[in-house]
Amino acid sequence: MPNTSAIPIESLVVCDQCDLLQREAQLESGGTAICGRCGNVLFRSQPRGLKLSLAFALTSAALFLISNFFPIVTISSQGLTNSTTLLDAADRLVHDGIPSIAALVFTTTFLMPALEIMALIYLLLPLHFGRLPPGLKIAFRLIYIVKPWAMVEVFMMGLLVTITKLNAFASVAPDTALGSFVLLMIFVTAAASNFDPHNFWKRVGALERLEGKV
Ligand SMILES: [Zn+2]
């Protein structure tokens, strides 16, 4: 273990698996820093990671709006046609007497993905313009709190099974929101994977020093 007493605190990095405090290595672009004791990945050098994350998050926000305000499927049976959005489906579940399922669908497919996308944009957009948003720590924590509860992919799997089964009884045609939900899954994953906490806090630290807060 290096003597860390004379090293500036911003140059130290702690392993989140074994707690070893280490001096931050200077990486080439695309390189990966590995813990000297347990081999855990400490951080990756992604110079454009935060910008990419912001671009993917903004695209996700547009896809989220399309996914939730356009119909997912159009069902035709005996001359009757009905188009359903995600929120219509949750509302129908409430009227059918199963509000707990409606709440689960609303929370995991609408509320949590919305919070994750909004928190990413809330943090990264001001940072892109050299500003620090108020409540930065709360928004950062929020991303990691809501992430396990955002389950668009589970909803999509269930939806595809339902469409296949329903086709035995009625004509079920995929609509605009089905395609945008698939794209939403891809773009949210890309936004999250490019959001590197190490790079994020380094950028925040640099701005704080500029603003004279530390
Ligand atoms: Zn370690």
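The rules behind each value
Counting restarts for each chain, with residues numbered from 1 along the sequence as it is written. Residues qualify for local features only when their pLDDT is at least 70, as the model is predicted, and side-chain atom pairs are given and counted only at 80 or more; totals for whole chains, interfaces and linings, by contrast, use all residues. Working from all heavy atoms in the structure, the side-chain values ignore hydrogens and water. Helical segments are the DSSP runs of H or I of at least four residues, strand segments are the runs of E of at least two, and each set is numbered from the N terminus. The span one expects for a helix is its residue count, reduced by one, times 1.5 Å. Type-normalised accessible area, obtained with a 1.4 Å probe on protein chains alone, sets the label of each residue: buried when under 20%, exposed when over 50%, and partly exposed for intermediate values. Here, two residues are considered to be in contact whenever any of their heavy atoms come within 4.5 Å of each other. Patch definition: residues above 30% relative accessible area lacking any salt bridge, with like charges linked at up to 9 Å and the nonpolar side chains Val, Leu, Ile, Met, Phe, Trp and Tyr linked at up to 5 Å. To be clear on the numbers: accessible area is Shrake-Rupley with a 1.4 Å probe, and residue cover counts the displayed protein chains and nothing else. For this analysis, a salt bridge means a side-chain nitrogen from Lys or Arg found within 4 Å of a carboxyl oxygen belonging to Asp or Glu. Only C-alpha atoms enter the line fits that serve as axes; for helices the fit covers just the stretch in contact. Angles between N-to-C directions range over 0 to 180 degrees. Each crossing is labelled by how the near helix is turned from the far one, with a counterclockwise turn of less than a right angle marking it left-handed and a clockwise turn marking it right-handed. When residues are grouped by polarity, Ala, Val, Leu, Ile, Met, Phe, Trp, Tyr, Cys and Pro land in nonpolar, Asp, Glu, Lys and Arg in charged, and all others, Gly among them, in polar. Points on a 1 Å grid, built from protein atoms alone, make a cavity when a 1.4 Å probe fits but cannot get out and make a pocket when they are open with protein on both sides within 12 Å along at least 5 of 7 lines; residues with an atom within 4 Å of a point are the lining residues. Grid points are joined across faces, edges and corners, and a volume is the space filled by probe spheres set on the points. The domain limits used here are those given by an automatic or database domain assignment.

A. Quick look at helix α6 (residues 176–194). The first and last C-alpha atoms of α6 sit 27 Å apart over 19 residues, in line with the 27 Å expected at 1.5 Å per residue. By the burial criterion, the buried members of α6 are A177, L178, S180, F181, L184, V188, A190, A191 and N194. In this structure, the buried residues of α6 make contact with α1 (49–69), α2 (86–95), α3 (99–128), α5 (152–166) and β7 (171–174).

B. Representation of a nonpolar patch on the surface in the model. Judged by side-chain polarity, L65, I66, F69 and F70 come together as a nonpolar surface patch covering roughly 390 Å² of accessible area. Mapping F69 onto the fold places it in helix α1.

C. How the structure looks around the packing of α1 against α3. Contact pair α1 / α3: the axes reach a minimum separation of 9 Å and the direction vectors enclose 145°. For the pair α1 and α3, the crossing hand works out as left-handed. Taken together, the residues of α3 that come into contact with α1 (itself represented by L50, K51, S53, L54, A57, L58, S60, A61, F64 and N68) are T109, F110, P113, A114, I117, L120, I121, L124, L125, L127 and H128. Residues of the contact of α1 with α3, tallied by class, amount to 15 nonpolar, 5 polar and 1 charged.

D. Examining the layout of surface pockets more closely. By volume, the largest pocket is sized at about 910 Å³. If you go around the largest pocket, you meet 30 residues; those closest to its centre are V13, L42, P197, H198 and W201. Of all the secondary-structure elements, those providing two or more residues to the lining of the largest pocket are β1 (12–14), β4 (41–44), α3, α4 (136–146), α6 and α7 (197–211). The dominant element in the lining of the largest pocket, judged by the number of residues it contributes, is α7, at 6 residues. Here the lining of the largest pocket is built from residues that sort into 15 nonpolar, 6 polar and 9 charged. Looking at the lining of the largest pocket, you find at least three residues from each of domain 1 (9–43) and domain 2 (49–195). Empty space within the second largest pocket amounts to approximately 660 Å³. As for the second largest pocket, its lining consists of 24 residues, and the residues nearest its centre are V73, I75, T84, A89 and L166. Every element with two or more residues in the lining of the second largest pocket is listed here: β5 (73–77), β6 (80–84), α2 and α5.

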